[in-house]
Amino acid sequence: MVKQQPNWSPYDNNGGSCVAIAGADYCVIAADTRMSSGYNILTRDYSKICKLHLIYQHQHNKQMSCPAMAQLLSNTLYYKRFFPYYAFNVLGGLDNEGKGCVFTYDAVGSYERVGYSSQGSGSTLIMPFLDNQLKSPSPLLLPAQDAVTPLSESEAVDLVKTCFASATERDIYTGDRLEIVVLNADGIRREYMELRKD
């Protein structure tokens, strides 16, 4: 009889999906609230959207710009690339001109400013849909195109709702509830939408 050794890994794929869309004067960030491990649902009410509070604001008496925050997150991911951080992130906000900005990351901190992005277990279903609906220009085009989408704020929110309603039909790790955060000149607004619970 072979004795089986217990295996432990610091890396666990908790599933779920997130989407961010940048507009001319807004940014919409959305994620589902399901947190899973394998075929087990750990919780149905876990927020994957974090408002970043940094020491920078206290030291400099002003908020850090979104592009500067993008560089800080990139550095953090790169310096901790082997352990303990191995995450695919999406960062969204408003830049110094008040335009929406979205940054997408790989696991070791390489990032790019884009008009929209999706990460997580449902991203393989969501990104082709966003590409089809938003018809973004190739990042290889010269001169470089502006990285914002042509949608109005309400159209972007509706598109995000459609993305998640579709993704929850095919991805067992995405579901339960959708949390939507809208950033614009007026501040931050949150909306919620129920998703499939099975």
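It should be emphasised that the depicted structure is a prediction, and the values quoted were computed from it without experimental measurement.

## Section: unusual backbone geometry
Line of reasoning, step 1. One non-glycine residue, Asn 61, lies in the positive phi region at around 60 degrees.
Line of reasoning, step 2. Checked against the element boundaries, Asn 61 lands in the loop between α1 (55–60) and α2 (66–79).
Line of reasoning, step 3. The phi angle at Asp 176 is positive, at roughly 75 degrees, despite the residue not being glycine.
Line of reasoning, step 4. Relative to the elements of secondary structure, Asp 176 occurs in the loop between α4 (153–170) and β9 (177–184).
Line of reasoning, step 5. Given the relative accessible area of 0%, Asp 176 is considered buried.

## What about the state of the cysteines?
Line of reasoning, step 1. A complete count under the given rule lists zero disulfides for this structure.
Line of reasoning, step 2. Distance from the sulfur of Cys 18, which forms no disulfide, to the nearest cysteine sulfur (Cys 50) is 10 Å.
Line of reasoning, step 3. Since its relative accessible area comes to 19%, Cys 18 is described here as buried.
Line of reasoning, step 4. The structure places no disulfide on Cys 66, whose sulfur is separated from the nearest cysteine sulfur, that of Cys 101, by 3.3 Å.

## Considering helix α3 (residues 123–134)
Line of reasoning, step 1. If you check α3, its first and last C-alpha atoms are 15 Å apart, about what 12 residues at 1.5 Å a residue would give, namely 16 Å.
Line of reasoning, step 2. Residues of α3 that are buried: Ser 123, Ile 126, Leu 130 and Leu 134. Each buried residue of α3 lies within a common arc of 65 degrees when the element is viewed along its axis, so the set occupies one face.
Line of reasoning, step 3. Contact partners of the buried residues in α3: β1 (17–22), β8 (116–120) and α4.
Line of reasoning, step 4. Positive phi appears at Lys 135, one or two residues downstream of α3, with a value of about 45 degrees.

## Here's the deal with the pattern of salt bridges
Line of reasoning, step 1. Applying the stated criterion across every chain, the model contains 12 salt bridges.
Line of reasoning, step 2. A salt bridge links Lys 161 to Glu 191; the shortest N-O distance between them is 3.5 Å. In this pair, Lys 161 is assigned in helix α4 and Glu 191 in strand β10 (residues 187–194), connecting sequence segments 30 residues apart.
Line of reasoning, step 3. Its salt-bridge partner being Glu 194, residue Lys 197 comes within 2.6 Å of it at the nearest N-O pair.
Line of reasoning, step 4. We classify Lys 197 as partly exposed; its relative accessible area is 43%.

## Things to note about α2
Line of reasoning, step 1. Under the 1.5 Å per step criterion, the end-to-end length of α2 is 20 Å for 14 residues, consistent within 8% with the ideal 20 Å.
Line of reasoning, step 2. Restricting attention to buried positions, one finds in α2 the residues Cys 66, Met 69, Ala 70, Ser 74 and Leu 77. Each buried residue of α2 sits inside an arc of 145 degrees when the element is viewed along its axis, so together they form one side.
Line of reasoning, step 3. Considering only its buried residues, α2 is in contact with β5 (90–94), β6 (100–105) and β7 (111–114).

Definitions and limits used
The numbering scheme is per chain: residues are counted from 1 as the chain's sequence reads. Only residues with pLDDT of at least 70 are given local features in this predicted model, and only at 80 or more are side-chain atom pairs given and counted; all residues enter the totals for whole chains, interfaces and linings. As a rule here, side-chain values come from all non-hydrogen atoms in the structure, and water together with hydrogens is ignored. The way it works is that DSSP assigns letters per residue, a run of H or I at least four long becomes a helix, a run of E at least two long becomes a strand, and they are numbered from the N terminus. The buried label applies to any residue whose accessible area, calculated with a 1.4 Å probe on protein chains only, is under 20% of its type's maximum; exposed applies above 50%, and partly exposed to all values in between. Throughout, disulfides are identified as pairs of cysteine sulfur atoms within 2.5 Å of each other. To estimate how far a helix should reach, multiply one less than its number of residues by 1.5 Å. Working note: the arc is built from the helix axis to C-beta atom directions. In what follows, a contact means two residues having at least one pair of non-hydrogen atoms within 4.5 Å. Within this document, salt bridges are pairs made up of a side-chain nitrogen of Lys or Arg and a carboxyl oxygen of Asp or Glu, the two lying within 4 Å of each other.

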